Amino acid sequence: MASANPLWGAPRIHGELLKLGFDISERTISNILKKARPAKPPSQTWRTFIRNHMDITFSIDFFTVPTAAFKILYVFIVLSNDRRTVVHFNVTMNPTTEWTAQQMIEACPWDTAPIYLIRDRDNIYGSFFIDRIKNMGITEVKTAPRSPWQNPFVERLFGSIRRDCIDHLIILNEDHLKKVLTEYLDYYHEDRTHLGLKKDTPSVTPVQEGSEDGKVKSLTRLVFLHNRYE
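Residues numbered from 1 in each chain as written. Predicted model: local features only at pLDDT ≥ 70, side-chain atom pairs only at ≥ 80, totals over all residues. Heavy atoms only, no water.

Student: Teacher, can you tell me more about the nonpolar core here?
Tutor: If you look at soluble globular proteins, the nonpolar side chains tend to sit buried side by side. Ranked by internal contacts, the top residues of the largest apolar core, which has 38 residues, are Ile77, Ile166 and Leu177. Tallying contributions element by element places helix α7 (residues 174-190) first for this core, with seven residues. Residues Phe62, Leu117, Ile124 and Phe129 belong to the second largest nonpolar core, which totals 16 residues. (Core = buried A, V, L, I, M, F, W, Y, C linked by side-chain atoms within 4.5 Å. Buried < 20%, exposed > 50% of the residue type's maximum accessible area, 1.4 Å probe, protein only. Helix = DSSP H or I, 4+ residues; strand = E, 2+ residues; numbered from the N terminus.)

In structure tokens form, the structure reads like this:
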């Protein structure tokens, strides 16, 4: 698995092995891969707030992707913190506060809006956006200036998208990026194990049952960037 998926570390491989029914510790895999220690976690107070309100909180943010023609595309993500599920995304070359507010409407149809919304203090979230969020009954929780760690789940998602996908592809245009992200998010929800979900996937993947001499089958994902094992 490490050879076929050079972007994976010990946690990802451990998650795959758990889903295959192998009882092995992550420490054993780490020793094999000689993985470095994880970074120091953020402050306990903020982490406690997020943990206590996980099931009623969304996180939003933008990240940028350059194209082959050196144009900049903006990706807007709406993430449900509970199961790390991406409830909505869209791509544009010209983000505005009106466009961003409309994305929230599309992300929360039929009274599915969260109680809290974590975001940074970017000027893109102007008065039109603030009024729209207020009318939806959502309480905004703004992070401190220059503190991306206070919006940890969406920031970690951006890192995963870059490391797992975008950094290894040449994006041609807006439609191409939407297609790539759609395929990646299918993989992200159905196949990719997560540390914060106890090595499960956002869509909840059951542990497979099989005989000890059963063969493990590899299924390619994301144009051979990753694999799914059964």
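Past the structure itself, the notes keep going.
Student: Please explain the packing of helix α6 (residues 152-164) against α7 as it appears in this structure.
Tutor: Think of two packed helices as two axes; the pair is described by the angle between the axes and how far apart they sit. Contact geometry for α6 and α7: axes closest at 11 Å, N-to-C directions at 110°. Comparing their axes, α7 and α6 come out roughly perpendicular. As α6 runs across α7, the sense of the crossing is right-handed. Two secondary-structure elements touch here, α6 through Leu157, Ser160, Ile161 and Asp164 and α7 through Leu181, Tyr184 and Tyr188. Tallied by class, the residues present in the contact of α6 with α7 amount to five nonpolar, one polar and one charged. (Axes fitted to C-alpha atoms, helices over the stretch in contact; angles between N-to-C directions. Parallel < 35°, antiparallel > 145°, perpendicular 65-115°, else oblique. Left-handed = near helix turned anticlockwise from the far one by under 90°. Contact = heavy atoms within 4.5 Å. Nonpolar A, V, L, I, M, F, W, Y, C, P; charged D, E, K, R; others polar.)

Student: Teacher, can you tell me more about the packing of aromatic side chains here?
Tutor: For any pair of aromatic rings, the description rests on two quantities: the centre-to-centre distance and the angle between the ring planes. Enumeration over the complete set of coordinates arrives at eleven aromatic pairs. Here a set of aromatic residues connected by ring pairs shows up, and it is made of Phe62, Phe76, Trp99, Tyr125 and Phe129. When the ring centre of phenylalanine 153 is taken as origin, the NZ or CZ atom of arginine 84, which lies over that ring, is 4.1 Å away. (Phe/Tyr/Trp six-rings, centres within 6.5 Å; stacked < 30°, edge-to-face > 60°. Lys NZ or Arg CZ within 6 Å of the ring centre and 35° of its normal.)

Student: In this structure, what is going on with α6? I would like to understand it.
Tutor: In an α-helix, one turn spans 3.6 residues; hence positions three or four apart end up facing the same way. The terminal C-alpha atoms of α6, which comprises 13 residues, lie 18 Å apart, in line with the 18 Å expected from a rise of 1.5 Å per residue. Turning to α6, its buried residues are Phe153, Val154, Leu157, Phe158, Gly159, Ser160, Ile161 and Asp164. (Expected span 1.5 Å × (residues − 1).)

Student: Sorry if this is basic, but what is going on with the packing of helix α1 (residues 10-19) against helix α2 (residues 26-33) here?
Tutor: The interhelical angle for the contact between α1 and α2, taken along N-to-C directions, is 135°, at an axis separation of 9 Å. With respect to α2, the axis of α1 lies oblique. Regarding α1 and α2, the two cross each other, and that crossing is right-handed. For the pair α1 and α2, the contacting residues are Ala10, Pro11, Ile13, His14 and Leu17 in the first and Glu26, Ile29, Ser30 and Leu33 in the second. Looking at the contact of α1 with α2, its residues break down into six nonpolar, two polar and one charged.

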